[in-house]
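Descriptive analysis of the structure
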Amino acid sequence: MIENEYILTVVVPAYNSEAYIERNIRSFLKTKSAGDNIFELLIIDDGSVDDTPQILDSYADKYPQLIHVIHKENGGHGSGINAGIKYAQGKYFKVVDSDDWVRPEAFDKLVQTLQNSDEDIVASNYLWTREEDGELSYKREFKEPFKGVIYGRQYDFKDIPPTTYIKMHAMTIKTSILRDNNIHIDEHCFYVDCEYILYPIPFVRTVKFIDEDVYCYLLGRAGQSMDLSKMNRNEAQYCRVLQSLLRFYDNLDPVKNAGCIPYITTAIGRIYAGYIKIMLSFPASPENKQRLIATEHELKNRYNAIYKANINKPIKALRLSGYLLYNMAAKKVSHPKRAGYGKARKESNEETSDRN
């Protein structure tokens, strides 16, 4: 068993990240906590074939107490998280993607909270970030995790509204929950952060929310898995993750897990909404319409609670129309407006996210 040498392990899965990994690392170096030996930056080089390994090793040589690097064969984003769970030396565990970064002052406040907390999850806020012509712009994805939240209060997990959705960017979780319960994420697959944020939930008893925008989530980078065209090509992988989550749902004990089932039900409903979005991204045709309707009927028959938990307004409208709005919905998804803040590439707070 690995002893907790740090209050926090930040895991950064990295693959061919030479263009942006230094911004990630430098954001942590700017924190006051970096010099206090209270958190580690555990970077998992996932078989990169560019200069990422050399960049990582140079930083690890310069900051050996802070930066630890593991080089491994390519296995995908989930493989990086699995390696992080195996080697983390912190009491708490947080994933930050290699093309994202943290706000130093907010991160320091998160670390301070962790030092004085024992909740199973500490959830912070995060910012959507867009870079255009060398300038960064930021927008908080949602105002608060749920209406009336009291920041800094310890909640029993069963008492938070089931519509709350603690995404990867927000979640900091006890490492022991991941390790002691053998949490394992699918490898060689996109969209697995859905698994990472849901598989531990049956073992979570307490949660605290803090009003700090810790995480900066970069939008619009070419090749990200939440790019709609890439989601279209990777439909099978998204479906694979959705099926894994449904098997996980099937195995929940209705008595033992009663306190978390509403939360998990709603969360899978959000993820399913992302799958419907992918199906709508294909050219409108009678065949694709029938495939979508068949998918909807299967969910309704087999997982009625998840079907009813849908909070996505466009999907609700599609259902209420008896799918007569299919052509309009498919056109809207396939040709999204520029308006909004990256929604053509990235989900709203009603769907899901992942990159690899």
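Below is a short write-up of the structure. Remember, it's a predicted structure, so these values are computed and weren't measured experimentally. (Residues numbered from 1 in each chain as written. Predicted model: local features only at pLDDT ≥ 70, side-chain atom pairs only at ≥ 80, totals over all residues. Heavy atoms only, no water.)

**Examining helix α2 (residues 52-62)**
Here is the rule we go by: Note on exposure labels: buried denotes an accessible area under 20% of the residue type's maximum, exposed denotes more than 50%, and partly exposed covers the range between, all computed with a 1.4 Å probe on protein chains only. Helix and strand labels come from DSSP, where a helix needs a run of H or I of at least four residues and a strand needs a run of E of at least two; each type is numbered from the N terminus. Think of it as the arc spanned by the lines of direction from the helix axis to the C-beta atoms. Contacts are assigned to residue pairs that have any heavy atoms within 4.5 Å of one another.
Considered for burial, the residues of α2 that qualify are Thr52, Pro53, Ile55, Leu56, Tyr59 and Ala60. On an axial view of α2, the arc spanned by its buried residues comes to 165°, and they lie on one face. Residues of α2 that are exposed and angled more than 90 degrees away from the buried face: Asp61 and Lys62. On its buried face, α2 sits against β1 (6-14), α1 (21-29), β2 (39-46) and β3 (67-72).

**Side note on empty space enclosed by the protein**
Operational definition: Method remark: on a 1 Å grid restricted to protein atoms, a set of points is classed as a cavity if a 1.4 Å probe fits but cannot get out and as a pocket if it is open with protein on both sides within 12 Å along at least five of seven lines; lining residues have an atom within 4 Å of a point. Grid points are joined across faces, edges and corners, and a volume is the space filled by probe spheres set on the points. Under the convention adopted here, Pro, Cys and the residues Ala, Val, Leu, Ile, Met, Phe, Trp and Tyr are nonpolar, Asp, Glu, Lys and Arg are charged, and Gly plus all remaining residues are polar.
Throughout the structure, instances matching the rule amount to two cavities of 30 Å³ or more. In this structure, the largest cavity encloses a volume near 100 Å³. Together, 14 residues line the largest cavity, and Phe142, Pro145, Tyr165, Ala170 and Phe209 are the ones closest to its centre. Tallying contributions element by element places strand β6 (residues 121-132) first for the lining of the largest cavity, with three residues. Here the residues of the lining of the largest cavity sort into nine nonpolar, four polar and one charged.

**A closer look at the nonpolar core**
Note the cut-off: Among buried residues, the Ala, Val, Leu, Ile, Met, Phe, Trp, Tyr and Cys ones that are joined through side-chain atoms within 4.5 Å form a nonpolar core.
Within the largest apolar cluster, 112 residues are counted, with the highest numbers of intra-cluster contacts made by Ile166, Tyr196 and Leu198. Filtering out sequence-adjacent residues up to four positions away, leucine 198 remains in contact with Leu245, Phe248, Tyr263, Ala267, Ile268 and Ile271.

**Concerning the packing of α1 against α2**
Filter applied, for reference: For helices, the fitted axis covers only the stretch in contact; all axes are lines through C-alpha atoms, and the angles between them, taken along N-to-C directions, range from 0 to 180 degrees. In what follows, roughly perpendicular refers to angles from 65 to 115 degrees, roughly parallel to angles under 35, roughly antiparallel to angles over 145, and oblique to any angle outside these ranges. Definitions for this section: a left-handed crossing has its near helix turned counterclockwise from the far helix by less than a right angle. A right-handed crossing has that turn clockwise.
Running from N to C, α1 and α2 point in directions that differ by 15°, and their axes come no closer than 11 Å. When the interaxial angle is binned, α1 and α2 end up roughly parallel. Read as a crossing pair, α1 and α2 show a hand that is right-handed. Facing Ile21, Glu22, Ile25, Arg26 and Leu29 of α1, the residues of α2 in contact are Ile55, Leu56 and Tyr59. Residue composition of the contact of α1 with α2, by class: six nonpolar, no polar and two charged.

**Focus on unusual backbone geometry**
For asparagine 182, which is not glycine, the phi torsion reads 55° and is therefore positive. Here asparagine 182 shows up in the loop between α5 (175-180) and α6 (193-198). Positive phi is not limited to glycine here, since tyrosine 191 has a value of about 70°. Looking at where tyrosine 191 falls in the secondary structure, it is placed in the loop between α5 and α6. The exposure class of tyrosine 191 is buried, given its relative accessible area of 1%.

**Observations concerning the packing of helix α9 (residues 261-281) against helix α13 (residues 326-334)**
In a pair of packed helices, the angle between the axes and the distance between the axes together describe the arrangement. Direction vectors running N to C along α9 and α13 enclose 95°, while the axes themselves pass 8 Å from each other. Taken together, the axes of α9 and α13 are roughly perpendicular relative to one another. Contact residues: Lys277, Leu280 and Ser281 in α9; Tyr326, Ala329, Ala330, Val333 and Ser334 in α13. Of the residues contributing to the contact of α9 with α13, the split by class is five nonpolar, two polar and one charged.

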